[in-house]
Amino acid sequence: MSTKMTTSPHGFDLADSGSLSLIHSIGSFQSRLLDWLVAELCDQGFEGLTGAMLTFLGSLDCGENHASALARTLGISRQAVHKQVRELEAFGWLRTTPHPDKGNQRVIIFTAEGERMMSVARTRFAALDAKLEETIGIDPGALSQRLEQARF
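Residues numbered from 1 in each chain as written. Predicted model: local features only at pLDDT ≥ 70, side-chain atom pairs only at ≥ 80, totals over all residues. Heavy atoms only, no water.

J.: Hey, could you go over a nonpolar patch on the surface for me, with residue numbers and the actual values?
T.: On the surface, L22, I26, I136, L143 and L147 cluster together into a nonpolar patch covering about 410 Å² of accessible area. Elements with a contribution of two residues or more to the nonpolar patch: α1 (18-43) and α6 (140-149). In this fold, I136 is placed in helix α5 (residues 112-136). On the basis of relative accessible area, I136 is assigned to the partly exposed category, the value being 44%. (Patch = residues over 30% accessible without salt bridge, like charges linked within 9 Å, V, L, I, M, F, W, Y side chains within 5 Å. Areas by Shrake-Rupley, 256 points an atom, 1.4 Å probe, with all protein chains shown as cover. Salt bridge = Lys/Arg side-chain N within 4 Å of Asp/Glu carboxyl O. Helix = DSSP H or I, 4+ residues; strand = E, 2+ residues; numbered from the N terminus. Buried < 20%, exposed > 50% of the residue type's maximum accessible area, 1.4 Å probe, protein only.)

J.: Please set out the packing of aromatic side chains residue by residue, giving values where relevant.
T.: Enumeration over the complete set of coordinates arrives at three aromatic pairs. Ring geometry for F91 against W93: centres 4.7 Å apart, planes inclined by 5°, an arrangement best described as stacked. Residue classification places F91 among the partly exposed residues on the basis of a relative accessible area of 35%. (Phe/Tyr/Trp six-rings, centres within 6.5 Å; stacked < 30°, edge-to-face > 60°.)

J.: A description of the packing of helix α2 (residues 51-58) against helix α4 (residues 78-91) should follow, citing residues and the corresponding values.
T.: It is the contact of α2 with α4, at a shortest axis distance of 11 Å, that shows an interaxial angle of 105°. Our classification of the angle between α2 and α4 gives roughly perpendicular. From α2, A52, M53, F56 and L57 reach across to α4, where they touch V81, Q84, V85, E87, L88 and F91. The residue inventory of the contact of α2 with α4, partitioned by class, reads eight nonpolar, one polar and one charged. (Axes fitted to C-alpha atoms, helices over the stretch in contact; angles between N-to-C directions. Parallel < 35°, antiparallel > 145°, perpendicular 65-115°, else oblique. Contact = heavy atoms within 4.5 Å. Nonpolar A, V, L, I, M, F, W, Y, C, P; charged D, E, K, R; others polar.)

J.: Help me get a handle on the packing of α1 against α5, residues and values and all.
T.: Any two packed helices are characterised by the angle at which their axes cross and by the distance between the axes. One way to put it is that α1 packs onto α5 with a least axis distance of 10 Å and a crossing angle of 130°. The angle between α1 and α5 falls in the class oblique. The way α1 lies across α5 gives a crossing that is right-handed. Two secondary-structure elements touch here, α1 through F29, L33, W36, L37, E40 and L41 and α5 through M117, V120, A121, R124, F125, L128 and L132. Classifying every residue of the contact of α1 with α5 gives eleven nonpolar, no polar and two charged. (Left-handed = near helix turned anticlockwise from the far one by under 90°.)

J.: Run through the pattern of salt bridges, naming residues and quoting values.
T.: Counted according to the given criterion, the structure contains two salt bridges. A salt bridge links E40 to R124; the nearest nitrogen and oxygen atoms lie 2.8 Å apart. A residue pair is termed long-range when its members are at least 10 positions apart, and E40 in helix α1 and R124 in helix α5 qualify at 84 residues. Taking relative accessible area as the criterion, E40 reaches 24% and is therefore assigned partly exposed. The salt bridge involving R116 is made with E113; its shortest N-O contact spans 2.9 Å.

Given below as structure tokens:
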């Protein structure tokens, strides 16, 4: 959808909106960042990684993770979580173990290689912070905080 002032076929004015433009820009920026980071990680030997995998991995805690909590956080089904975990296990980046107290549940944890990948990813992002601050004129962490504080 264009963000410029237009008139709909039904005669409604559709006003310019900086907020609508921001939504489009954020989505595009996220896609470019994921593509960049996936390429960086593939260059480091993490072949087969996709943006969707990286987004999923980025939502995990360093310790124990549970499918039901991940499903709620990501807004997906537990079945989708299990499917993604199986795929990431096949790459050797995650593993599951039986829950110590609940026999029918499994705990999702990073492997050492998965932790190494996330360490490389975070190091790349940290290096990117200065470049982004120079480009957009504000520290990315500060911008993130300001966007989080916005209430409607």
